Amino acid sequence: MLKSLIRYSIRSFKRQRSYIIINILGLSIGIACSLLITLFVINEAGYDRYNVNRDRIFRIVLNGKIGGQEVIGAFTPSIMGPTMLREVPEVEDYLRMTGRGPTIVEYNGQTFTEEGCIEADSSFFSFFTIPVIKGDPAAMLNASHKVVLTESTARKIFGNEDPLDKALKLGTDTVRYIVTGVIGDIPPKSHFTANMITSFMTNPRYEDPIWMNNSFSTYLLIRPNASYLDVEKKIPDMLVRYVGPELERYMGITIDEFASQGNRYTYFLQGLTDIHLDPSVQQEFREASDPKYLWIFGSIAVLIVLIAAINFMNLSTAQASRRAKEVGIKKVSGSTRGMLVSQFLTESFILAFISLILALVIIKISLPYFNNLLGTRLELNLLAGWYTIPALLLFTLLVGIMSGSYPALFLSSFDPYTVLKGSVRNSMQNGRLRRVLVIFQFAVSILLIVGTMIMYKQIRFMLNKDVGFNKEQLVVINRAGALGPRVKAFKDAVKNIPGVVNITNSTAVPGRNNNNNGYRLEGRDEESFLMQTNYVDYDYLDTYGMTLAEGRFFNESYATDQQACLINENAVRDFQITDIAQTRFMRPGNDGNLLHLQVIGVVRNFNHESLRNPIQPYIFCFKPDNYTYGYLTVRLTADNYQSSLGSIESIWKEFTGNSPLQYYFLDEDFENMYIQEKQNAQMAVIFSILAIFIAALGLFGLTSFTVEQRTKEIGVRKAMGSSVAGIYIVISREIITLVSLSAIIAWPVIYYVSDKWLENFHYRIEAGVFTFIAGLAIALGIAMLTISYRIMKAARVNPASSLKYE
């Protein structure tokens, strides 16, 4: 019976060749889009799942609020992990990690720059399932100045030489690091990247006892059968014991008084596999992805498959009059309705399977481009798991049922007497369901068009918004610490280079904040305030092109400025400061004594973070000579800046002993803040175009069928004197109406969805009426272009030929 069904199906295909091609093309593109998005979603949801103990690993997250400023981030004190291991029975082990930043590696006179360098405790290998190629995991990081290399890094530095026990010079550290192990490369689906791991015991703050110094990422390994919730419940009592005394010492208030002022200082545990899809938590490693995009693109995948399936339904039901006689004859010959349904569904399954094969070819060809666009490593591996091929076949079966069930039931329902009499043709002219399905297709298309336009408008707004300083022609040099105490001499040398406007030294730069500190105001001891802190020199304001709202900037003529500060406008507003001359901030110094910082000026607000976030209170302190870490920022003229950079590099090498210069352009760094939005917008454009193309394919097929059905009508109209334009208007009028109805349905949906998406950004656009009208205009234009050729061709036919057609 199956052979008979397939044989009948093939014969049917030969009679409907053009419609079959349209169906296969539409379905294959729809399936390819759906599978590509599914690969992307699975990839994003699969981070850190390579770890054997993934269900027992949790990261400690600070959940704080000080002076109205909230902080939710993976920042903990160095002492927290060891304390929890000692006092919480459910904790089996702990791990502290922190990034070292770009690191210069020297070996045998050769210099390498390593971006992915981190510090970690010796327990690293108990947490992360990374294959050890050489060395003893227990001894790799158990002492100061030990380093572990990934396989690719070891090969780059040592070639075929055995790296074990070799000495490396890292950065400006005078003590050499001993290579104690080689491990496999960190899996790409990990929430951190690393190609070089140094022992955490090397960090000067390895045994820092201060609980309020939140600087490191700490992970806990929970014992089997223990609950992380039980661990969380014990954290508040621990904070009372350890943070409470520090609050009294540094801020003069008890922990209860601190909380009564509306402040918050606590921690919670975040599961390892939740890290990559939780952008609400700040972290120093790889930026988390927003799960909203997975829902958005997952929905797009479903909608595109639906559009392709609707094409199949529309074209199959539209051709019912062609197949009516076939159905009538088969019923008269003894075929039951069930047999006819089986035949039509078999046709649908065959088409779906052919479409799947073609879709896999499309994916194989387009995957490199897709990976390049998103910066991912997606792979189409049909043998990756036993379930892959069965899942694809099941998916194809569902697509076949979705596409073919209604046409099968519809066609098999014809009465043989009616269809053989020839009266089915007139009953097929109505096509109410087809109109509904076309409306749905174009509603989805308009939704995607308008949504993509809104995404691009928001990205363009973020890239072009005035951020409160001139970010063009600013070059930021990393590793100012490599200059040691010679920063000022380096600055003086650079200022003499033609094309250099100015140069400044600071501990932070816009877009790369690294110091969020608590302060008190003199005379308001019961309150505490949280501010981003930047230590800067005298040239900072002029170099960045920032402006003052009040007061003055640091000046060498005032010796007291080294104990002064400036704040931004939002700090003045949020902290209700009325007179800066009477305002002094207080914070603990390195010796434990309070420092008093007189406010001497107010800097106009500037965006020091992504435009997703509001401008937070910000404080500029003077950078003392012993703060050698941080950045150097150089403002260049637009003319011949490459020559200026070359001169800067030469001077840098003179001052640092031939160490390579690491720098970036600030405007490009700001653009990279929105790389996820740009990538997703590009994805949306691609899938919008494909969705519209699939819908247009179906519309072309329907128009072709409609023109065939109305051949006699067209001939009569021409014989009666109607022009080609008049015929075009008559036939296209229905399409214009359907697309317009689609827009009316799509507009409220996209308005709601886009408004929710724009909530991610503190600084955002208004969608605007024009965007919605433009979406309709684009859809109408595409629809009219799609049908114009077929209508115009039919309208130009000699009416004598048209009337003879029927």
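Residues numbered from 1 in each chain as written. Predicted model: local features only at pLDDT ≥ 70, side-chain atom pairs only at ≥ 80, totals over all residues. Heavy atoms only, no water.

**Observations concerning the pattern of salt bridges**
Logical step 1: Applying the stated rule across the entire model yields 23 salt bridges.
Logical step 2: One salt bridge in this structure joins Glu161 and Lys166, with 3.8 Å as the shortest N-O distance.
Logical step 3: Residue Glu161 is classed as partly exposed on the basis of its relative accessible area of 35%.
Logical step 4: Residue Lys166 is classed as partly exposed on the basis of its relative accessible area, which comes to 22%. (Salt bridge = Lys/Arg side-chain N within 4 Å of Asp/Glu carboxyl O. Buried < 20%, exposed > 50% of the residue type's maximum accessible area, 1.4 Å probe, protein only.)

**Quick word on the packing of helix α3 (residues 80-87) against helix α6 (residues 228-251)**
Logical step 1: As a packed pair, α3 and α6 sit with axes 12 Å apart at the nearest point and diverge in direction by 115°. Judged by the inter-axis angle, α3 sits roughly perpendicular to α6. You can see that α3 and α6 cross each other, and the crossing is right-handed. Taken together, the residues of α6 that come into contact with α3 (itself represented by Met80, Thr83, Met84, Arg86 and Glu87) are Val231, Ile235, Met238, Arg241 and Tyr242.
Logical step 2: By residue class, the composition of the contact of α3 with α6 is six nonpolar, one polar and three charged. (Axes fitted to C-alpha atoms, helices over the stretch in contact; angles between N-to-C directions. Helix = DSSP H or I, 4+ residues; strand = E, 2+ residues; numbered from the N terminus. Parallel < 35°, antiparallel > 145°, perpendicular 65-115°, else oblique. Left-handed = near helix turned anticlockwise from the far one by under 90°. Contact = heavy atoms within 4.5 Å. Nonpolar A, V, L, I, M, F, W, Y, C, P; charged D, E, K, R; others polar.)

**Quick notes on the nonpolar core**
Logical step 1: Counting 103 residues, the largest nonpolar core has Tyr544, Met546, Phe554, Phe620 and Phe687 as its most contacted members.
Logical step 2: Per-element tally for this core: the top contributor is helix α14 (residues 432-464), with 13 residues.
Logical step 3: Dropping the residues within four chain positions of it, Phe554 is found in contact with Val536, Tyr538, Asp561, Ala564, Cys565, Leu566, Ile600, Phe620, Cys621 and Phe622.
Logical step 4: With 28 residues, the next largest nonpolar core counts Phe58, Val231, Met251 and Tyr267 among its residues. (Core = buried A, V, L, I, M, F, W, Y, C linked by side-chain atoms within 4.5 Å.)

**Some thoughts on the confidence of the model for the protein chain**
Logical step 1: Here the protein chain averages 81 in pLDDT, while 85% of its residues score no lower than 70.
Logical step 2: Taken element by element, the protein chain is modelled with least confidence in helix α13 (residues 424-427), mean pLDDT 48, and with most confidence in strand β12 (residues 217-222), mean pLDDT 93.
Logical step 3: A low-confidence stretch, residues 425-430 stays under pLDDT 50, and its non-local contacts, those more than four residues away or across chains, total eleven contacts. (pLDDT = per-residue confidence, 0-100.)

**Structural notes on α3**
Logical step 1: For α3, the set of buried residues is Met80, Gly81, Pro82, Thr83 and Met84.
Logical step 2: Buried residues belonging to α3 abut β1 (57-66), β3 (91-99), β12, α6 and β13 (264-271).

**Notes on the side chain of Lys491**
Logical step 1: Its place among the elements puts Lys491 in helix α15 (residues 487-495).
Logical step 2: Using a relative accessible area of 8% as the deciding quantity, one classes Lys491 as buried.
Logical step 3: In this structure, Lys491 is in contact with Ile503, Thr504, Asn505, Asp537, Asp539 and Leu632, ignoring residues within four places of it in sequence.

**Structural notes on the pairing of strand β22 (residues 618-622)**
Looking along a regular strand, one sees side chains alternate from face to face of the sheet.
Logical step 1: Of all five residues in β22, five are buried, a share of seventy percent or more.
Logical step 2: Of the two faces of β22, the one carrying Tyr618, Phe620 and Phe622 and the one carrying Ile619 and Cys621 are both buried.
Logical step 3: Sheet analysis places strand β19 (residues 564-568) next to β22, joined by three bridges and oriented antiparallel. When the sheet's bridge partners are listed, Ile567 is paired in β22 with Ile619. (Pairing = 2+ DSSP bridges.)

**Digging into the pairing of strand β4 (residues 103-107)**
Logical step 1: For β4, a buried count of four out of five residues is recorded, marking the element as mostly surrounded by other parts of the structure.
Logical step 2: Both β4 and strand β5 (residues 110-114) contribute to a ladder of five bridges, which runs antiparallel. In the sheet register, Ile104 faces β5, and the bridge partner there is Thr113.
Logical step 3: Here β4 folds back onto β5 in antiparallel fashion, the turn holding two residues, of which Asn108 has a positive phi close to 50°.
Logical step 4: Two elements, β4 and strand β9 (residues 167-170), share two bridges in a ladder whose sense is antiparallel. The partner of Val105 across the bridge, within β9, is Leu170.

**What to know about the packing of aromatic side chains**
One pair of aromatic rings is described through two measures. These are the centre distance and the angle between the planes.
Logical step 1: What the rule picks out here adds up to 33 aromatic pairs.
Logical step 2: With centroids separated by 6.0 Å and ring planes inclined at 80°, the aromatic side chains of Phe124 and Phe192 adopt a geometry described as edge-to-face. With Phe124 in helix α4 (residues 124-127) and Phe192 in the loop between β10 (177-183) and β11 (196-199), the pair connects residues that are 68 residues apart, well separated along the chain. When sorted by exposure, Phe124 lands in the same class as Phe192, which is buried.
Logical step 3: Their ring planes at 85° and their centres at 5.0 Å tell us that Phe200 and Phe216 sit as a pair that is edge-to-face. On the criterion of sequence distance, the pair formed by Phe200 in the loop between β11 and β12 and Phe216 in the loop between β11 and β12 is long-range, its members being 16 residues apart. In this structure, Phe200 and Phe216 share a single accessibility class: buried. (Phe/Tyr/Trp six-rings, centres within 6.5 Å; stacked < 30°, edge-to-face > 60°.)

**Some remarks on unusual backbone geometry**
Logical step 1: Of note, His145 is a non-glycine position whose phi angle comes to about 60°, a positive value.
Logical step 2: Within the secondary structure, His145 sits in the loop between β7 (132-134) and β8 (146-150).
Logical step 3: Take His145: its relative accessible area is 17%, and that puts it in the buried class.

**A short note on the state of the cysteines**
Logical step 1: Counted by the stated rule, this structure contains zero disulfides.
Logical step 2: With no disulfide of its own, Cys565 lies 5.8 Å from the sulfur of Cys621, the closest cysteine sulfur.
Logical step 3: On the accessibility criterion, Cys565 (0% relative accessible area) is buried. (Disulfide = S-S within 2.5 Å.)

**Notes on the packing of α15 against helix α18 (residues 641-656)**
Logical step 1: Taken N-terminus to C-terminus, the directions of α15 and α18 make an angle of 155°; their axes are 10 Å apart at the nearest point. Considering the angle they form, α15 stands roughly antiparallel to α18. The two elements α15 and α18 cross, and the hand of that crossing is right-handed. Taken together, the residues of α18 that come into contact with α15 (itself represented by Ala489, Phe490, Ala493 and Val494) are Ile648, Ile651, Trp652 and Phe655.

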